Structure formats: structure tokens, C-alpha cells
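Listed below, chain by chain, are the residues.
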Amino acid sequence: MDKKYTVAITGASGSTYGIRLVEELLKTGCHVNLVISATGKDVLLHETGIDLRGNEKEAGKKAKKHFKKGDLTLFDNNNLFAAISSGSHKTEGMIIAPCSMGTLGRITSGHSQKLIERTADVMLKEKRRLIIVPRETPLNQIHLENMLKLSRMNVDIVPAMPAFYQRPRTVDDMVNFVVGKVLDLLCIEHNLFERWK
């Protein structure tokens, strides 16, 4: 599989969604461009023990060591010269998992100061797939209006809401359900959860 995807991890809780998604995409032979916000790196360390802090080169080495196998490129969120910041760089799409409400708001308003927002803006202008996994509760009116606005622009909104009909036994089971729903939208085969029969 020659497909390229960008995965972004922001500072919302739930960084394990982004990590699991990267693992699954790499398993299928996809190339993954990974971008993690500064707060996202801190949350990732706090929630999972995975330390991807440091400059682009240092963090890139740590990411390759963590994921071991697969075609992965890590970009610093401050690197607006990264290939993924241009519409001429071909990708299948972008997934932001988890997506903070701040990142969501900046994407909605077209306020692109960092690579994550700029790459999302590229997906919108090039009419490429953009999937957002928002992670906040409860949601206020601004959050809901921002999601509705993006949905009207054909952005897929996949809230981090696991189902329970498959009787999850672990946190991993619940994470796998949400990541599986993202992979379903990308038409990527997986066995992350048992489907309703």
C-alpha cells in the first residue's frame, strides 16, 4: 500500500487514540506523517509514558524507535516549511486524534499559526479527507457550532465515544473501537472490534 496519511496529536486527553491509529496505519503499509503539538507531547508522556519531546530530529528518532517498523516521518508543529504544509504534497488525508477544542476552533476560523492547523487548512482547500476526533466533555455551544461548521465542509467528526455492544473488557478495547471507526472511514480493513451481527 502506497498511501500517505498525516496524523496529528494535540493536547487534549486521549493521546492513545493517535498512537494506536499510527500503529494501525503503519501495519497496513501506509506512510504516516506525524505531528504532535507541544502540549500534545506533554499529555502523551503523562498518559502513556511515551516521550517524544525534543526538536524535530530528536523526536523523530524517538518516534522511529517507539514504532519500530513502518514508514514514519515526524514533523515539528513549528515547522511550517514541512512538505505537508503545501497542497502540492499529495496525501490521502489527515486525522487529528485527539483534537482539542482550541485546535478545532483555529481550524474552523482558518487561523493557521502552527503546522497542525496549516495542514488541516490544506486538506480543506484541496478537498481532501479530514477526520477529527474531538475530545472534550461537556460540549459548549461554541464547540458544537465549530463542529457543525466543519461538518458542512465535509469534515468527518468522530467523537471519542466507544460503544459497549461488543462488551469491552479493557481500556484498549474502548480505544480500538474509536480507532476502528476512523479506519472504517478510510476504508482500511481491520479487526479492532467485533462488529454488530
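A. Structural context of the packing of helix α1 (residues 15-27) against helix α2 (residues 38-48). Contact pair α1 / α2: the axes reach a minimum separation of 9 Å and the direction vectors enclose 90 degrees. Between α1 and α2, the interaxial angle falls into the category roughly perpendicular. For the pair α1 and α2, the contacting residues are S15, T16 and I19 in the first and V43, L44, E47 and T48 in the second. Broken down by class, the residue content of the contact of α1 with α2 amounts to three nonpolar, three polar and one charged.

B. Highlighting the packing of helix α4 (residues 101-109) against helix α6 (residues 141-151). As a packed pair, α4 and α6 sit with axes 10 Å apart at the nearest point and diverge in direction by 50 degrees. When the interaxial angle is binned, α4 and α6 end up oblique. Of the two possible hands of crossing, α4 and α6 adopt the one that is left-handed. Counted together, M101, L104, G105, I107 and T108 of α4 and H143, N146, M147, K149 and L150 of α6 form the full contact between these two elements. Grouping the amino acids of the contact of α4 with α6 by side-chain chemistry returns five nonpolar, four polar and one charged.

C. Main features of the environment of L45. Within the fold, L45 resides in helix α2. Exposure remark for L45: the relative accessible area of 28% places this residue in the partly exposed category. Separated by 48 residues in sequence, L45 and G93 place their C-alpha atoms 26 Å apart.

D. Seen up close, α6. Within α6, the full set of buried residues consists of H143, N146, M147 and L150. Within α6, the buried residues cover an arc of 95 degrees as seen down the axis, which keeps them to one side.

E. The arrangement of the sheet that holds strand β2 (residues 31-36) in detail. Ordered by their spatial adjacency, six strands build an open sheet running β3-β2-β1-β4-β5-β6, and the pairing between neighbours is parallel. Either end of the sheet is taken by a strand with one partner, and the two such strands are β3 (71-76) and β6 (156-157). Sheet analysis places strand β4 (residues 93-99) next to strand β5 (residues 129-134), joined by five bridges and oriented parallel. Residue pairing in the sheet places G93 in a bridge with R129 of β5. Relative to β3, helix α3 (residues 56-67) is tilted by about 150 degrees, and along the sheet it contacts β2 and β3.

F. The arrangement of the pairing of β4 in detail. The buried fraction of β4 amounts to seven of the seven residues, a majority that puts the element mostly inside the structure. Alternating residues of β4 divide into G93, I95, A97 and C99 and M94, I96 and P98, and every residue in both groups is buried. Pairing of strand β1 (residues 4-9) with β4, which is carried by four bridges, proceeds in the parallel orientation. Among the inter-strand pairings, T6 is bridged to a residue of β4, identified as M94.

The rules behind the values
Residues numbered from 1 in each chain as written. Predicted model: local features only at pLDDT ≥ 70, side-chain atom pairs only at ≥ 80, totals over all residues. Heavy atoms only, no water. Axes fitted to C-alpha atoms, helices over the stretch in contact; angles between N-to-C directions. Helix = DSSP H or I, 4+ residues; strand = E, 2+ residues; numbered from the N terminus. Parallel < 35°, antiparallel > 145°, perpendicular 65-115°, else oblique. Contact = heavy atoms within 4.5 Å. Nonpolar A, V, L, I, M, F, W, Y, C, P; charged D, E, K, R; others polar. Left-handed = near helix turned anticlockwise from the far one by under 90°. Buried < 20%, exposed > 50% of the residue type's maximum accessible area, 1.4 Å probe, protein only. Arc of directions from axis to C-beta. Pairing = 2+ DSSP bridges.

Any functional reading would require information that these geometric values do not contain.
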